[in-house]
Amino acid sequence: MSLSANDKATVKALWAKISPKAEDVGNEALSRMLYVYPQTKTYFSHWSDLTPGSAPVRKHGKKVIGGIGLAVEKIDDLFAGLLTLSELHAFQLRVDPANFRILSHNILVVLAMLFPDDFTPEANLAMDKFLARVALALSDKYR
Amino acid sequence: MVEWTEFERTTIQDIFSKMNYDVVGQQSLARCLIVYPWTQRYFGNFGNLYNAAAIMGNPMVAAHGRVVLHGLDKAVKNMDNIKAAYAELSVLHSEKLHVDPDNFRLLGDCLTVVVAAQLGAAFTPEVQAAFQKFLAVVISSLQRQYH
């Protein structure tokens, strides 16, 4: 399900709107992922505090959303643009790719929550497709 | 049997007692047909579903959205035995409507997004967890009679 020119434009426009609150989006999405899907906590057993909004969660949410922001910049060539991140996830982090879909879902829920007027069905469609492509690019180096 | 905490029960009853079924039903089904266009396969007789605007304005989509959402009432009222309450609906979706059960998850995700937009900050992680657990039980019950 490749990204059309319209999809890319929609994603970029939506991202421009949400950028000021990017850290909040990252924190909320990661918090929800850990809380609603507790199996995802297994990747963070080294953190002191896995509760929603805790310091490690907030810090990591910022990192993750930064990665998504990078993906938006590299939207015209995600596989090349996310090569380093893919290698990181493949060889070091070894996150089961099923979890990318879980985090994506939570990002969409948070966007709906924080930007109800901007997160139209068309924006939902474009973001869903985009995050799926990001997940594909991130898992590219896995095997 | 599914174990529900007091918080989960209250949360579900609260969300549905305050819900505008007309709005949420229409928005959820329309969003599903737009975001996951292959779901349109089940609605060949709904007329114009050619683009997002057409889907959002389609009166049959709105009407059916309401029907689907009221279908959830059965689960809200029978939280302690959703499986039994949904046996007939499960047979219907399998034998008569021939709906691929994966679609239940897609519609469930769209419903979650719409409810999140409605509740805003009140859609806390705890509320989200309760809501998604409820939908998961409904979806599992709807799949139960498939063979």
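Reading the values: rules and limits
Residues numbered from 1 in each chain as written. Chains lettered and ligands numbered in written order. Predicted model: local features only at pLDDT ≥ 70, side-chain atom pairs only at ≥ 80, totals over all residues. Heavy atoms only, no water. Helix = DSSP H or I, 4+ residues; strand = E, 2+ residues; numbered from the N terminus. Rg over C-alpha atoms; globule rule 2.2 N^0.38 Å. Buried < 20%, exposed > 50% of the residue type's maximum accessible area, 1.4 Å probe, protein only. Contact = heavy atoms within 4.5 Å. UniProt positions renumbered as here; feature names shortened; annotations may be inferred. Buried area = accessible area lost by both parts, 1.4 Å probe. Salt bridge = Lys/Arg side-chain N within 4 Å of Asp/Glu carboxyl O. Nonpolar A, V, L, I, M, F, W, Y, C, P; charged D, E, K, R; others polar. Expected span 1.5 Å × (residues − 1). Arc of directions from axis to C-beta. Core = buried A, V, L, I, M, F, W, Y, C linked by side-chain atoms within 4.5 Å. Axes fitted to C-alpha atoms, helices over the stretch in contact; angles between N-to-C directions.

Draft legend 1. Highlighting the overall build of chain A. Within chain A, the secondary structure is distributed over seven helices and zero strands. Reading chain A from its N end, one meets helices and strands in the order α-α-α-α-α-α-α. For 143 residues, the compact-globule estimate of 2.2 N^0.38 gives 15 Å, and the C-alpha radius of gyration of chain A, at 14 Å, lies within 12% of that figure. Principal-axis analysis of the C-alpha atoms places the extent of chain A at approximately 40 × 35 × 20 Å. Buried positions account for 47% of the 143 residues belonging to chain A. Relative to all contacts within chain A whose residues are 6 or more apart in sequence, the contacts with residues 24 or more apart total 75%.

Draft legend 2. Main features of the environment of Ala 132 of chain A. Residue and element names in this part refer to chain A. Relative to the elements of secondary structure, Ala 132 occurs in helix H7 (residues 121-138). With relative accessibility at 46%, the residue Ala 132 sits in the partly exposed group. On a C-alpha basis, the gap between Ala 132 and Arg 101 in space is 7.2 Å, while along the polypeptide they are 31 residues apart.

Draft legend 3. A look at the UniProt feature "domain: Globin" (unreviewed entry) in chain B. Here, UniProt's "domain: Globin" (unreviewed entry) annotation points to residues 3-147 of chain B. For residues 3-147 of chain B, the end-to-end C-alpha separation is 26 Å, with 71% helix and 0% strand making up the annotated structure.

Draft legend 4. Structural view of the interface of chain B and chain A. Taken residue by residue, the interface counts 22 residues in chain B and 20 residues in chain A. Carbon and sulfur atoms make up 63% of the surface buried where chain B meets chain A, a total of about 1800 Å² over both sides. Counting every contact that joins chain B to chain A gives zero salt bridges. Of all elements in the fold, only helix H2 (21-35), helix H3 (52-57), helix H8 (102-119) and helix H9 (125-143) of chain B reach the threshold of two or more residues within the side of chain B that touches chain A. Broken down by element, the side of chain B that touches chain A gets its largest block of residues, six residues, from H8 of chain B. In terms of residue class, the side of chain B that touches chain A is built from 13 nonpolar, five polar and four charged.

Draft legend 5. Spatial organisation of helix H1 (residues 6-18) of chain B. Residue and element names in this part refer to chain B. Helix length check: H1 (13 residues) gives 18 Å between terminal C-alpha atoms against 18 Å at 1.5 Å per residue, within 8%. Of all the positions in H1, only Glu 8, Thr 11, Ile 12, Ile 15 and Phe 16 are classed as buried. The buried residues of H1 occupy an angular sector of 115 degrees when the element is viewed end-on, so they sit on one face. For H1, exposure combined with an orientation more than 90 degrees from the buried face picks out Glu 6, Ser 17 and Lys 18. Among the structural elements, H2, helix H5 (73-77), H8 and H9 are those in contact with the buried residues of H1.

Draft legend 6. Quick look at helix H1 (residues 5-18) of chain A. Residue and element names in this part refer to chain A. Spanning 14 residues, H1 covers 20 Å between terminal C-alpha atoms, matching the ideal 20 Å at 1.5 Å per step. Turning to H1, its buried residues are Asp 7, Val 11, Leu 14, Trp 15 and Ile 18. One face of H1 carries all of its buried residues, which in axial projection span an arc of 100 degrees. Seen from the buried face of H1, the exposed residues on the opposite side, beyond 90 degrees, are Ala 5, Asn 6, Ala 16 and Lys 17.

Draft legend 7. Just the UniProt feature "domain: Globin" (unreviewed entry) in chain A, in detail. Those places that UniProt annotates as "domain: Globin" (unreviewed entry) correspond, in this numbering, to residues 2-143 of chain A. A distance of 22 Å separates the end C-alpha atoms of residues 2-143 of chain A, which is 69% helix and 0% strand.

Draft legend 8. Representation of the nonpolar core in the model. Counting residues in each nonpolar core, the largest one holds 76 residues, and the members touching the most others are Leu 111, Phe 119, Met 127 and Phe 130 of chain A together with Phe 16, Phe 131 and Phe 134 of chain B. Per element, the largest residue contribution to this core is 10 residues, and it comes from helix H6 (residues 98-114) of chain A. Discounting chain neighbours no more than four positions away, the residues touching Leu 111 of chain A are Leu 14, Ile 18, Val 25, Pro 116, Phe 119 and Met 127 of chain A. If you look at the next biggest cluster of nonpolar residues, it comprises 10 residues, including Leu 29, Ala 30, Ile 34 and Leu 49 of chain B.

Draft legend 9. Representation of the packing of helix H7 (residues 87-96) of chain B against H9 of chain B. Residue and element names in this part refer to chain B. Taken N-terminus to C-terminus, the directions of H7 and H9 make an angle of 60 degrees; their axes are 7 Å apart at the nearest point. Residues Leu 89, Ser 90 and His 93 of H7 lie in contact with H9, whose contacting residues are Ser 141, Leu 142 and Gln 143. Looking at the contact of H7 with H9 residue by residue, the class counts come to two nonpolar, four polar and no charged.

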